[in-house]
Amino acid sequence: MGKAKASKKEHNSSFIMIEEAKVTDILKQKAENSSDPILCVDEKGKPAGWVNEQKLYSYLEKEKGLDKKIKKGWLDEAYTVREDETAALQAEYLPAVVVNKKGQASRIITTSAWFEAEYGNLIQQRNVAQVILESAYEGIAVVDKEGRLKQMNQAYRSFLGIDPDEDVSGRPAEDIIENTRLHEVVRTGIPEKGEIQMIQGQKMVVHRLPIWEDGEIAGAVGMLIFEGVSELYRILGNAADMNVEAPFESEDGQTRGQSHLHRFEDIIGESRAIKESKSIARKAARTNATVLITGESGTGKELFAQAIHLTTGRKGGFISVNCAAIPEHLLESELFGYEEGAFTGAKKEGHIGKFEASHNGTLFLDEIGNMSLPMQAKILRVLEERAVTKVGGLAQIPLNVKVIAATNANLEKRVKDGTFREDLYYRLHVIPVEVAPLRQRPKDIPLLFSHYMQRFSKENNMEAKQMDPEALEAFMSYTWPGNIRELMNVTEQLVTLVDGKEITLKDLPAIVSTKLNGETGETEDNHSLKSEQHKQEKQVIIQALEKHEGNKSKAAQDLGIHRTTLYKKLKIFK
C-alpha cells in the first residue's frame, strides 16, 4: 500500500493511494482513527474522494475478500479548499481537504476539528471582548430594552462601591446608577454623547448609546469616559501643551483658589483595592460624618483627604495639620487658637486656631495616633459639641467643619494598649477608608512610574525615558516599603541619572534590582522590617492562588506580575 504524505496539524490520519488501496488497508486505518474520514488520493496526490463507509460495509456483508481493491464507486466527492480560504470555510462543506497550489492534498479539516477551532475562536473573541469591557473605558454598563442591567464591568462596579460578588443583572439601571438616563435612551432611541452626569457628588463625562437589532431598540450601553470633568480639562491641557484650568466642580464655585489640591481622578491606579478605596471615599464626601483614613506611610492618605474635601461642595478651605510635627505644648493653641494674653509670648490680638480657620471647610488631622491622651480628650469634646473654646477664653465658637483624620498606626491595638481613647476612636471611625500599600496593588506600579516619569522629565526639561521589560519586572517585584513616596524618589533618580532613552536593570538602585533574583540585601537593622514585608507578600500571593484555585497564570495576572516572577517567588517561599 502506498501512502501520500499529509500534514498532521489537525488530524492523525494519512491518505490512501486509490490505485493500490485494498479493503484491509481501509479497515486498518479505520481502526487507528475511528472518528476521522478516510481520504483516497490518486498517484499525483490529488484528492480522489472520501471512502463511503456504508458502501464498504455493504460489500463486506456480501463478500469476504479483504484483499479486494477499492472501487471508485465507493468514493464520495471531496470538497477542496486552499489554505488561504480555510478561514471562510463553512460547516456545510465539512469534511474538507486543504490542497496546495498543485492541487495536492495537504491536510484534512474534519467536522470535529472545525468546531473545536471555532469554539476556540469564540472563546478568544469573548476574552478579547471581556478585556475591552474591563479596560476600554472607566466604566461600562449595558441594559436591555426594559432598562434593566445586563452587564456592568468591574471598573464601574468598583467606582459605585458594588461588591464584586453582588449580582446586579436584571435590576433597573436607575436603582444602581445615580442620575442615569439609560432607561430614557432605551425609550427614545436618541443617543446622548458627552453628557455630564453627577455620580457620588462628582461630575462625570458619559456616553449613552441605544443598541438596535433588526430595526428595533434592544437595549442601551452607558460609558463612563473620564473620572471627572477636571480630568477632561487636564487631557485638553496636555494635548495643547498648556495649562487649562477646569471650571467649578460645584454650582457654588467653591473650588476656585484650591487648584493645588488633588481630586479623585489625580489618584492613580486601576487595581481593585484603589478603586474600592476611592469609591468609599466618594461616599464619605457626601456626608458630614468624620472620616478616618488608614494606611502605611507614603500611600497617599492626604491625597484622599483633599479629594474628599473637593467633592464635598464645601465653600471653606482645606486645612492640614500634621499632629506629629507640632510639639505637644503648642498643639493645643495651634488647633484651638488662643485669646490675648492667654500665655507668655502670646500675640496681643490673639490667634485663630485650625478648627476655626476650617469653618465651612475641611480640617485634616494627619498622624492623629501620636496625640497624647489629654489632647485626645480635648479633640473628642470639640467633635461632640461641634464648637471650640480658645485657650484662655470662655466663649464657645460654633463650627461647621468636616474632620478627616489619618494615621499609619493600628488604632485598635492602641485602644487595647490604653494609649488611644476608645471613645475618640469610635468618634473618628465613622467612615473608615483604608489605602492599600503598593505591594498589594502591583498592577498600579507601571501607571505610577509612567506618571512620575512624565512629571519629573517635564520639571527637569529632559526627555522621558522608557523601561525595558526586565527592569519593569524588577520594579514590580520589589515590595516598596516606602510605597508611592519611595517610588517617586527612585523615579526622579532615574530621570536625572540615567543616560540614554531606556532604563535597564543595571540602572535601578541595588535594593530594587536585587529583588528580581531573590536577594534581600538585609542588614541586622532592617531584618525585622524586611521579614515582615516578606510574610505579607507571601500572604498576598497565597490569597491570589487560593482565589484562582491554584492556577498560577491567573494568579500572576491578578497580582500584576509575570508568571516567571511568581514561580521565582514561590521557590523563595519554599
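For clarity, every value in this text was computed on a predicted model and none was experimentally measured. (Residues numbered from 1 in each chain as written. Predicted model: local features only at pLDDT ≥ 70, side-chain atom pairs only at ≥ 80, totals over all residues. Heavy atoms only, no water.)

Some remarks on the overall build of the protein
Tallying secondary structure elements over the protein gives 21 helices and 24 strands in all. Buried positions account for 44% of the 574 residues belonging to the protein. Within the protein, contacts between residues at least 6 apart in sequence are counted, and of these 62% link residues at least 24 apart. With the model as given, the accessible surface of the protein reaches about 30800 Å², and the carbon-plus-sulfur share is 48%. (Helix = DSSP H or I, 4+ residues; strand = E, 2+ residues; numbered from the N terminus. Buried < 20%, exposed > 50% of the residue type's maximum accessible area, 1.4 Å probe, protein only. Contact = heavy atoms within 4.5 Å. Areas by Shrake-Rupley, 256 points an atom, 1.4 Å probe, with all protein chains shown as cover.)

Overview of the pairing of strand β21 (residues 402-407)
Here β21 lies mainly inside the structure; 6 of its 6 residues are buried. Residues Lys402, Ile404 and Ala406 of β21 are buried on one face, and the alternating residues Val403, Ala405 and Thr407, pointing to the opposite face, are buried as well. Relative to β21, strand β14 (residues 291-294) runs parallel, the two sharing 4 bridges. Looking at the pairing, Leu292 lines up with Ala405 of β21. As paired elements, strand β18 (residues 362-366) and β21 share 4 bridges and run parallel to each other. (Pairing = 2+ DSSP bridges.)

Observations concerning the sheet that holds β18
An order of β15-β18-β21-β14-β22 is seen for the 5 strands of this open sheet, with the pairing classed as parallel. Of all the strands in the sheet, the pair left with one neighbour each is β15 (318-322) and β22 (431-434). Averaged over all adjacent pairs, the angle separating strand axes in this sheet is 20°, with direction ignored. Taken together, the 4 bridges between β14 and β22 define a ladder with parallel strand orientation. Among the inter-strand pairings, Ile293 is bridged to a residue of β22, identified as Val433. In this fold helix α8 (residues 272-285) packs onto β14, β21 and β22, with an angle of close to 150° to the strand it touches most, β22. (Axes fitted to C-alpha atoms, helices over the stretch in contact; angles between N-to-C directions.)

A few points about the sheet that holds strand β8 (residues 105-109)
The sheet built from 3 strands is open, its strands ordered β6-β7-β8 with mixed pairing. Whereas interior strands pair on both sides, the edge strands pair on one side only; in this sheet they are β6 (79-82) and β8. On average, each strand axis in the sheet is tilted by 35° relative to the strand beside it, whichever way the strands run. With 4 bridges connecting them, strand β7 (residues 96-99) and β8 associate as antiparallel partners. The partner of Val99 across the bridge, within β8, is Ala105.

Observations regarding unusual backbone geometry
The linkage connecting Leu94 with the following residue, Pro95, adopts the cis geometry, with an omega of -5°. You can see Pro95 is positioned in the loop between β6 and β7. Of note in the backbone geometry, Trp480 takes a positive phi value of approximately 50° without being a glycine. Here Trp480 shows up in the loop between α16 (469-477) and α17 (483-497).

Structural notes on the packing of aromatic side chains
Between two aromatic rings, the relevant description is the distance of the centres plus the angle of the planes. Enumeration according to the criterion identifies 9 aromatic pairs in this entry. Note on Tyr79 and Tyr93: the rings are 4.6 Å apart at their centroids and 15° apart in plane angle, and the pair reads as stacked. Of this pair, Tyr79 sits in strand β6 while Tyr93 sits in the loop between β6 and β7, and the two are 14 residues apart along the sequence. Residue class for Tyr93 comes out partly exposed when judged on its relative accessible area of 35%. An angle of 25° between the planes, with centres 5.9 Å apart, marks the rings of Phe336 and Phe355 as stacked. A residue pair is termed long-range when its members are at least 10 positions apart, and Phe336 in helix α10 (residues 328-336) and Phe355 in helix α11 (residues 354-357) qualify at 19 residues. Overall, Phe336 belongs to the buried group, its relative accessible area being 4%. Overall, Phe355 belongs to the buried group, its relative accessible area being 1%. (Phe/Tyr/Trp six-rings, centres within 6.5 Å; stacked < 30°, edge-to-face > 60°.)

What to know about the packing of α10 against helix α12 (residues 373-385)
As a packed pair, α10 and α12 sit with axes 11 Å apart at the nearest point and diverge in direction by 10°. One way to sum up the angle between α10 and α12 is to call them roughly parallel. Between α10 and α12, the contacting residues are Glu328, Leu331, Glu332, Leu335 and Phe336 on the first element and Met375, Lys378, Ile379 and Val382 on the second. For the contact of α10 with α12, the class distribution of residues is 6 nonpolar, no polar and 3 charged. (Parallel < 35°, antiparallel > 145°, perpendicular 65-115°, else oblique. Nonpolar A, V, L, I, M, F, W, Y, C, P; charged D, E, K, R; others polar.)

What to know about the confidence of the model for the protein
When pLDDT is averaged across the protein, the result is 81; 81% of the residues are at 70 or more. Put simply, strand β1 (residues 3-4) is where the protein has its lowest mean pLDDT, 40, and β14 is where it has its highest, 96. (pLDDT = per-residue confidence, 0-100.)

Some thoughts on the nonpolar core
Looking at soluble globular proteins, one finds that nonpolar side chains tend to be buried together. Counting 27 residues, the largest nonpolar core has Leu335, Phe336, Phe355, Leu365, Met371 and Ile379 as the members making the most contacts within it. Of all the elements in the fold, those that place two or more residues in this core are α10, β18, α12, β21, α13 (411-417) and α14 (422-428). Sequence-distant contacts of Phe336, that is, excluding residues within four places in its chain, are made with Gly353, Phe355, Met375, Lys378, Ile379, Val382, Val388, Thr389 and Lys390. Grouped together as the second largest cluster of nonpolar side chains are 25 residues, Met453, Val490, Val498 and Ile503 included. (Core = buried A, V, L, I, M, F, W, Y, C linked by side-chain atoms within 4.5 Å.)

Quick look at the pattern of salt bridges
Summed over all chains, the structure comprises 22 salt bridges. Residue Arg82 pairs with Asp84 through a salt bridge whose shortest N-O separation is 3.5 Å. On the accessibility criterion, Arg82 (43% relative accessible area) is partly exposed. Close ionic contact of Arg441 with Asp444 constitutes a salt bridge, the shortest N to O distance being 3.0 Å. (Salt bridge = Lys/Arg side-chain N within 4 Å of Asp/Glu carboxyl O.)

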